[in-house]
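Fold and contact review
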Amino acid sequence: MIFIINGEEQQVAAATLADLLAALDYEGEWLATAVNGELVHREERSGFPLGERDRIEILSPMQGG
Amino acid sequence: MMLTLYGTSVSSRLLLGTARYPSPAVLAEAVRASRTDIVTVSLRRETAGSRTGGAFFELIRTLGVRVLPNTAGCHTVSEAVLTAKMARDLFSTDWIKLEVIGNHDTLQPDVFALVEAARILSGEGFKVFPYTTDDLVVAEKLLDAGCQVLMPWCAPIGSAMGPVNLPALRSMRASFPEVPLIVDAGIGRPSHAATVMELGFDAVLLNTAVAGAADPAAMAAAFSGAIDAGRIAFHAGMLEPRDMAVPSTPIIGKAVFS
């Protein structure tokens with residue numbers, strides 16, 4: 001399927017958000033995710049189904065003021 | 001007396017940003033030297049396979065400080081609200097430094113969007129630390145929206161100008177005597193921090209003034225001292241300036257030689 005991942009169009013074979021993170025080598029407890037503007041909690045990722053052209057944001061901690 | 005923010009007491013009146021240090025090691029030294037209890041952090045898009053965010057957060061965890069995530073870079077209510085929710089999920093804290101930027105050049109907050117985002121987030125259980133201006137009407141609306149702390153700028157972010165409008169800061173302090181007020185943004189040097197603390201502000205949030213110094217750890221220590229000095233002076237009762245000299249040495253009993 002085609003997804004918009006952090007603003008970039010990408011084709012990934014993934015049925016759920018957890019599949020997508022694994023397929024793209026996102027790993028670790030320090031990730032926050034949202035799909036189509038809604039937060040998806042860590043525990044919900046494996047049961048969260050993705051659809052064509054879903055907008056996925058994958059954020060992590062960064063230095064800030 | 002300790003500073004209490006949303007029911008949490010902290011001993012340091014310096015909040016420190018974590019951006020723009022020359023290296024992670026220097027950041028860690030500066031945090032320790034500042035003796036801060038609270039550091040600000042941000043959220044950014046993670047590149048696949050890079051794990052940079054995890055490495056940064058492991059460093060912060062070793063410092064034993066409380067984290068105040070921000071919504072820096074957000075320009076709309078919906079961006080700020082979603083970023084706050086993602087920050088809560090990631091950092092396991094309901095504290096959020098709410099920034100909704102309205103002007104690219106001055107990084108002035110969009111106070112209309114700020115109030116709206118503050119109302120939404122307060123309603124969802126967030127403890128909102130709004131980055132705002134020194135405008136009293138906006139301050140009142142932020143309190144109505146559920147904020148129990150206000151963070152007015154004293155000059156544009158990163159400008160190092162120091163307090164450009166002292167009368168506005170004074171009237172803000174006088175208008176909200178019970179509300180914790182943290183000066184956020186625009187401080188350049190320790191004397192600026194001491195000045196706003198002397199006015200009775202409760203704390204100062206710094207980043208560039210420390211991170212951009214030639215020796216960030218030494219500057220963090222300098223700010224820590226200045227903030228303590230300003231706070232003590234505020235409680236100690238300072239003299240008002242006067243136009244004419246007043247001799248400090250008593251005149252009575254002075255010898256007369258001619």
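This text follows the structure it describes.
Below: a short report on this structure. (Residues numbered from 1 in each chain as written. Chains lettered and ligands numbered in written order. Predicted model: local features only at pLDDT ≥ 70, side-chain atom pairs only at ≥ 80, totals over all residues. Heavy atoms only, no water.)

Turning our attention to the overall build of chain B. Of regular secondary structure, chain B possesses 9 helices and 10 strands. Taking the principal axes of its C-alpha atoms as reference, chain B extends roughly 90 × 40 × 35 Å. Looking at chain B alone, contacts between residues at least 24 apart form 66% of all its contacts between residues at least 6 apart. As displayed, chain B offers around 12000 Å² of accessible surface, 56% of which is attributable to carbon and sulfur atoms. The centroid of the 21 positive side-chain charges in chain B is displaced by 4 Å from the centroid of its 24 negative side-chain charges. (Helix = DSSP H or I, 4+ residues; strand = E, 2+ residues; numbered from the N terminus. Contact = heavy atoms within 4.5 Å. Areas by Shrake-Rupley, 256 points an atom, 1.4 Å probe, with all protein chains shown as cover. Lys, Arg positive; Asp, Glu negative; His and termini not counted. Charge placed at Lys NZ, Arg CZ, Asp CG, Glu CD.)

Attention now moves to the layout of surface pockets. Approximately 540 Å³ is the volume found for the largest pocket. What lines the largest pocket is a set of 30 residues, and nearest its centre among them are Gly65(A), Arg20(B), Ile157(B), Asn207(B) and Thr208(B). Residue classes in the lining of the largest pocket are distributed as 13 nonpolar, 12 polar and 5 charged. A volume near 290 Å³ is recorded for the second largest pocket. Together, Glu57(A), Leu59(A), Leu43(B), Arg44(B), Arg45(B), Ala72(B), Gly73(B), Cys74(B), Glu79(B), Leu82(B), Thr83(B) and Met86(B) line the second largest pocket. Elements with a minimum of two residues in the lining of the second largest pocket: β5 (55-63) of chain A together with β4 (38-45) and α3 (77-91) of chain B. Taken together, the residues of the lining of the second largest pocket sort by class into 6 nonpolar, 2 polar and 4 charged. (1 Å grid on protein atoms, 1.4 Å probe; cavity = no way out; pocket = protein on both sides within 12 Å on 5 of 7 lines; lining within 4 Å. Points joined across faces, edges and corners; volume = space filled by probe spheres on them. Nonpolar A, V, L, I, M, F, W, Y, C, P; charged D, E, K, R; others polar.)

With that settled, the discussion passes to the packing of helix α1 (residues 24-34) of chain B against helix α9 (residues 216-236) of chain B. Residues and elements named next belong to chain B. Where α1 contacts α9, the two axes come as close as 8 Å, and the packing angle between them is 20°. Judged by the angle between their axes, α1 and α9 are roughly parallel. The element α1 and its partner α9 pack so that their crossing is right-handed. For the pair formed by α1 and α9, the contact residues are Val-26, Glu-29, Ala-30, Ala-33 and Ser-34 on the first element and Pro-216, Ala-217, Ala-220, Ala-221 and Ser-224 on the second. In terms of residue class, the contact of α1 with α9 is built from 7 nonpolar, 2 polar and 1 charged. (Axes fitted to C-alpha atoms, helices over the stretch in contact; angles between N-to-C directions. Parallel < 35°, antiparallel > 145°, perpendicular 65-115°, else oblique. Left-handed = near helix turned anticlockwise from the far one by under 90°.)

A few words now on the side chain of Arg13(B). Residue and element names in this part refer to chain B. Secondary-structure assignment places Arg-13 in the loop between β2 (8-10) and β3 (14-17). Notably, Arg-13 is buried but unbridged: the nearest opposite-charge side chain belongs to Asp-202, and the N-O separation is 4.0 Å. Among the polar contacts listed, one links the side chain of Arg-13 to the backbone oxygen of Asp-202, at a separation of 2.8 Å. Sequence-distant contacts of Arg-13, that is, excluding residues within four places in its chain, are made with Met-1, Met-2, Leu-3, Met-197, Asp-202, Ala-203, Val-204, Ile-227 and Arg-231. (Buried < 20%, exposed > 50% of the residue type's maximum accessible area, 1.4 Å probe, protein only. Salt bridge = Lys/Arg side-chain N within 4 Å of Asp/Glu carboxyl O. Polar contact = N/O pair within 3.5 Å; in protein donor to acceptor, adjacent residues only side chain to side chain.)

This part takes up the environment of Leu15(B). All names here are of chain B. Counting through the fold element by element, Leu-15 comes out in strand β3. When its relative accessible area of 1% is taken as the criterion, Leu-15 is described as buried. Each C-alpha atom of the pair Leu-15 and Gly-162 lies 16 Å from the other, and the pair is 147 residues apart in sequence. Ignoring sequence-local partners within four residues, the contact set of Leu-15 consists of Thr-36, Ile-38, Leu-68, Ile-182, Ala-203, Val-204, Leu-205 and Leu-206.

Our focus in this paragraph is the packing of aromatic side chains. All names here are of chain B. A complete count under the given rule lists 4 aromatic pairs over all chains for this structure. A centroid spacing of 4.9 Å and a plane angle of 45° characterise the contact between Trp-95 and Phe-129, whose relative ring orientation is tilted. With a gap of 34 residues between them, Trp-95 in strand β6 (residues 95-98) and Phe-129 in strand β7 (residues 127-132) connect regions that are remote in the sequence. Since its relative accessible area comes to 0%, Phe-129 is described here as buried. Between Arg-66 and the ring centre of Trp-95, over which it is positioned, the NZ or CZ distance is 4.6 Å. The lysine or arginine in question, Arg-88, covers the ring of Phe-126, its NZ or CZ lying 3.8 Å from the ring centre. (Phe/Tyr/Trp six-rings, centres within 6.5 Å; stacked < 30°, edge-to-face > 60°. Lys NZ or Arg CZ within 6 Å of the ring centre and 35° of its normal.)

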